[in-house]
Amino acid sequence: AFAALENAKKAKNDDLSAKSLYLISATYRARALAAKTSKDHYDEYKRFANDNIQKALNLALTSKVNDFIKAKVFFNAGALHHDLIYFLEENERNAQFETAAEYYQESRKLFHPGSDDFNRVVIRYIRLMMDNQKIDTFAKLIDLTKEIESNINKETKTSVQFLQLLSKISLNFKEYN
């Protein structure tokens, strides 16, 4: 992704630059999550993930980046805030939840409803809301899951994420069983 970023910069291609940046950020986000358990390089990886997603966001917001790439940037910005939230102090978490939710919502507006990417962002958004105890009724969850349930291809990674979400819902809401 670093070589792709350099080439995209030379070609002055904002779409490819933004895509390279969000992929670099996602890689460092994954490394930060893995390093957190062992304390190896966590702060460095977290900083790299944040720096790269901020650059991608800047490009997405100030350049003529296509909507699909913008949606991916917003999704990855939300995922960064969401995934690393659990390593923050309790008093810092609420702002991070709100930021992640805003990015997921922006991403959701740009993805085509029914697409795998749209389904993934809705799943992430529901998980975020459940984690932050913002969804406190079964009816709200069902409304959100119905939005994507009929679109889930049963043989994708997204279908596994959806099944995990439904399992979490069934643990938290007896009405689901």
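This is a predicted model, so every value here is computed, not measured.

**Thoughts on helix α6 (residues 116–131)**
- The terminal C-alpha atoms of α6, which comprises 16 residues, lie 22 Å apart, in line with the 22 Å expected from a rise of 1.5 Å per residue.
- Burial analysis of α6 places 12 of its 16 residues in the buried class, the great majority of the element.
- Listed as buried for α6 are Asp117, Phe118, Asn119, Val121, Val122, Ile123, Arg124, Tyr125, Ile126, Leu128, Met129 and Met130.
- Once α6 ends, the next one or two residues include Gln133, with phi positive near 55°.

**Considering the nonpolar core**
- Counting residues in each nonpolar core, the largest one holds 28 residues, and the members touching the most others are Tyr104, Ile126, Leu128, Ile148, Phe162, Leu165 and Ile169.
- Contributing elements (two or more residues each) for this core: α4 (67–84), α5 (90–110), α6, α7 (138–149) and α8 (157–172).
- Per-element accounting of this core gives the leading share, 9 residues, to α6.
- Leave out the neighbours within four places in its chain, and Leu165 touches Ile123, Ile126, Arg127, Met130 and Thr145.
- Membership of the second largest hydrophobic core comes to 24 residues, among which are Leu5, Leu21, Ala35 and Tyr42.

**Here's the deal with the packing of α4 against α6**
- Interhelical geometry of α4 versus α6 gives an angle of 25° and a closest axis separation of 11 Å. Comparing the axis directions of α4 and α6 gives the class roughly parallel. Pair α4 / α6 crosses with left-handed handedness. Residues Phe68, Lys72, Phe75, Ala79, His82 and Asp83 of α4 pack against Asp117, Arg120, Val121, Arg124, Arg127, Leu128 and Asp131 of α6.
- In terms of residue class, the contact of α4 with α6 is built from 5 nonpolar, 1 polar and 7 charged.

**Let's talk about the pattern of salt bridges**
- By the definition in use, this model includes 6 salt bridges.
- A salt bridge links Asp117 to Lys72; the shortest N-O distance between them is 3.1 Å. Taken as a pair, Asp117 in helix α6 and Lys72 in helix α4 lie far apart in primary sequence, 45 residues in all.
- The class for Asp117 is buried, based on a relative accessible area of 16%.

**Things to note about the layout of surface pockets**
- There is about 230 Å³ of room inside the largest pocket.
- Considering the residues around the largest pocket, the lining is formed by 13 residues, among which Phe75, Arg120, Arg124, Lys157 and Gln161 are closest to the centre.
- When residues of the lining of the largest pocket are traced back to their parent elements, those giving at least two are α2 (14–36), α4, α6 and α8.
- For the lining of the largest pocket, the class distribution of residues is 5 nonpolar, 2 polar and 6 charged.
- Of the pockets and cavities examined, the second largest pocket occupies roughly 150 Å³.
- Those elements giving two or more residues to the lining of the second largest pocket turn out to be α3 (42–62) and α4.
- For the lining of the second largest pocket, the class distribution of residues is 5 nonpolar, 3 polar and 1 charged.

**Observations concerning the packing of aromatic side chains**
- As enumerated under the stated definition, the model contains 7 aromatic pairs in all.
- When the ring of Tyr28 is compared with that of Tyr45, the centres are 5.7 Å apart and the planes differ by 35°; the resulting orientation is tilted. Linking Tyr28 in helix α2 with Tyr45 in helix α3, this pair joins segments that are 17 residues apart in sequence.
- For Tyr28, a relative accessible area of 11% translates into the label buried.
- The class of Tyr45 is buried, set by a relative accessible area of 17%.
- Here the aromatic rings of Phe75 and Tyr104 are separated by 6.0 Å at their centres, their planes lie at 45°, and the arrangement is tilted. Placement of Phe75 in helix α4 and of Tyr104 in helix α5 is noted, with a sequence separation of 29 residues between them. Pair check on accessibility: Phe75 and Tyr104 agree, each one buried.
- What links up through ring pairs into an aromatic cluster is the set Phe2, Tyr28, Tyr45 and Phe48.

About the thresholds
- Residues numbered from 1 in each chain as written.
- Predicted model: local features only at pLDDT ≥ 70, side-chain atom pairs only at ≥ 80, totals over all residues.
- Heavy atoms only, no water.
- Helix = DSSP H or I, 4+ residues; strand = E, 2+ residues; numbered from the N terminus.
- Expected span 1.5 Å × (residues − 1).
- Buried < 20%, exposed > 50% of the residue type's maximum accessible area, 1.4 Å probe, protein only.
- Core = buried A, V, L, I, M, F, W, Y, C linked by side-chain atoms within 4.5 Å.
- Contact = heavy atoms within 4.5 Å.
- Axes fitted to C-alpha atoms, helices over the stretch in contact; angles between N-to-C directions.
- Parallel < 35°, antiparallel > 145°, perpendicular 65-115°, else oblique.
- Left-handed = near helix turned anticlockwise from the far one by under 90°.
- Nonpolar A, V, L, I, M, F, W, Y, C, P; charged D, E, K, R; others polar.
- Salt bridge = Lys/Arg side-chain N within 4 Å of Asp/Glu carboxyl O.
- 1 Å grid on protein atoms, 1.4 Å probe; cavity = no way out; pocket = protein on both sides within 12 Å on 5 of 7 lines; lining within 4 Å.
- Points joined across faces, edges and corners; volume = space filled by probe spheres on them.
- Phe/Tyr/Trp six-rings, centres within 6.5 Å; stacked < 30°, edge-to-face > 60°.

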